[in-house]
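Chain by chain, the residues run as shown.
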Amino acid sequence: QVQLVESGGGLVQAGGSLRLSCAASGNIFSVNVMSWYCQAPGKQRELVATVTSGGSTNYKDSVKGRFTISRDNAKNTVYLQMNNLKPEDTAVYYCYAIVEDHLRKRSHYWGQGTQVTVSS
């Protein structure tokens, strides 16, 4: 079993910054992909950013230049640095990971979600 524990959400004013973190623990041989998703009220959950085990990244268009995803492979942790936050960034942010256990079985896991609220 794998657990994803998120932290770093909160309330900020427009233009402010937050740094989200998500640490994976449990029966992990490798973490192949780690991602951040967001879900605003009444909206579908959507991909914000992804980072591969090799460090390649991709971002949703609306956050390019403002958000940075990174990972610490030794700690099985992914981060999302969010700068110049806007009210439209308000959402619950979820960590997602695809992992392999020591038998090389692939599974995926979600974090519990952390609320990000940006006021104007």
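Read on for an overview of the structure. (Residues numbered from 1 in each chain as written. Predicted model: local features only at pLDDT ≥ 70, side-chain atom pairs only at ≥ 80, totals over all residues. Heavy atoms only, no water.)

### A look at the environment of arginine 45
Note the following rule: We count a stretch as a helix when DSSP gives it H or I for four or more residues in a row; a strand needs E for two or more, and each element gets its number in order from the N terminus. Working rule for contacts: check all heavy atoms of both residues, and any pair within 4.5 Å makes them a contact. What qualifies as a polar contact is a pair of N or O atoms within 3.5 Å, subject to a donor-acceptor requirement within protein and to the restriction that residues adjacent in sequence count only when both atoms come from side chains.
Here arginine 45 lies in the loop between β4 (30-39) and β5 (46-52). Considering only alpha carbons, one finds arginine 45 and lysine 105, 60 residues apart in sequence, at a separation of 26 Å. Dropping the residues within four chain positions of it, arginine 45 is found in contact with Tyr37, Cys38, Gln39, Tyr94 and Trp110. Of the polar contacts made by the side chain of arginine 45, one reaches the side chain of glutamine 39; its length is 3.4 Å.

### Some details on the state of the cysteines
Here a disulfide denotes a covalent bond joining the sulfur atom of one cysteine to the sulfur atom of another. As a reminder of what qualifies: Only a pair of cysteine sulfur atoms within 2.5 Å qualifies as a disulfide here. Whether a residue is buried, partly exposed or exposed follows from its accessible area with a 1.4 Å probe, protein chains only, as a fraction of its type maximum: under 20%, in between, or over 50%, in that order.
One pass over the structure, following the stated rule, counts one disulfide. Covalent S-S linkage joins cysteine 22 and cysteine 95, the inter-sulfur distance amounting to 2.1 Å. Here the S-S torsion is close to -80°, and the disulfide linking cysteine 22 with cysteine 95 is therefore left-handed. Here cysteine 95 lies in strand β9 (residues 91-100) and cysteine 22 lies in strand β3 (residues 18-26), a separation of 73 residues in the sequence. Judged by its relative accessible area of 0%, cysteine 95 falls in the buried class. Cysteine cysteine 38 shares no disulfide, and the gap to the nearest cysteine sulfur, in cysteine 95, comes to 14 Å.

### Section: the side chain of arginine 66
Within the secondary structure, arginine 66 is located in the loop between β6 (57-59) and β7 (67-72). We classify arginine 66 as buried; its relative accessible area is 9%. Only 2.9 Å separates the side chain of arginine 66 from the backbone oxygen of serine 62, close enough to count as a polar contact. In this structure, arginine 66 is in contact with Gln81, Met82, Asn83, Asn84, Leu85, Lys86 and Asp89, ignoring residues within four places of it in sequence.

### A word on the pattern of salt bridges
A side chain with one charge may pair with a side chain of the opposite charge, provided their charged atoms come close. Here is the rule: A side-chain nitrogen of Lys or Arg and a carboxyl oxygen of Asp or Glu constitute a salt bridge if their distance falls within 4 Å.
Scanning the model with the defined rule gives five salt bridges in all. Linking lysine 64 and aspartate 61 is a salt bridge whose minimum nitrogen-to-oxygen distance equals 2.9 Å. Using a relative accessible area of 60% as the deciding quantity, one classes aspartate 61 as exposed. The salt bridge involving aspartate 89 is made with arginine 66; its shortest N-O contact spans 2.7 Å. Of the two residues, aspartate 89 sits in the loop between β8 (77-82) and β9 while arginine 66 sits in the loop between β6 and β7, which places them 23 residues apart along the sequence. Through salt bridges that share partners, Glu100, Arg104 and Arg106 make up one connected network.

As far as function goes, none of this settles anything; it's purely spatial.
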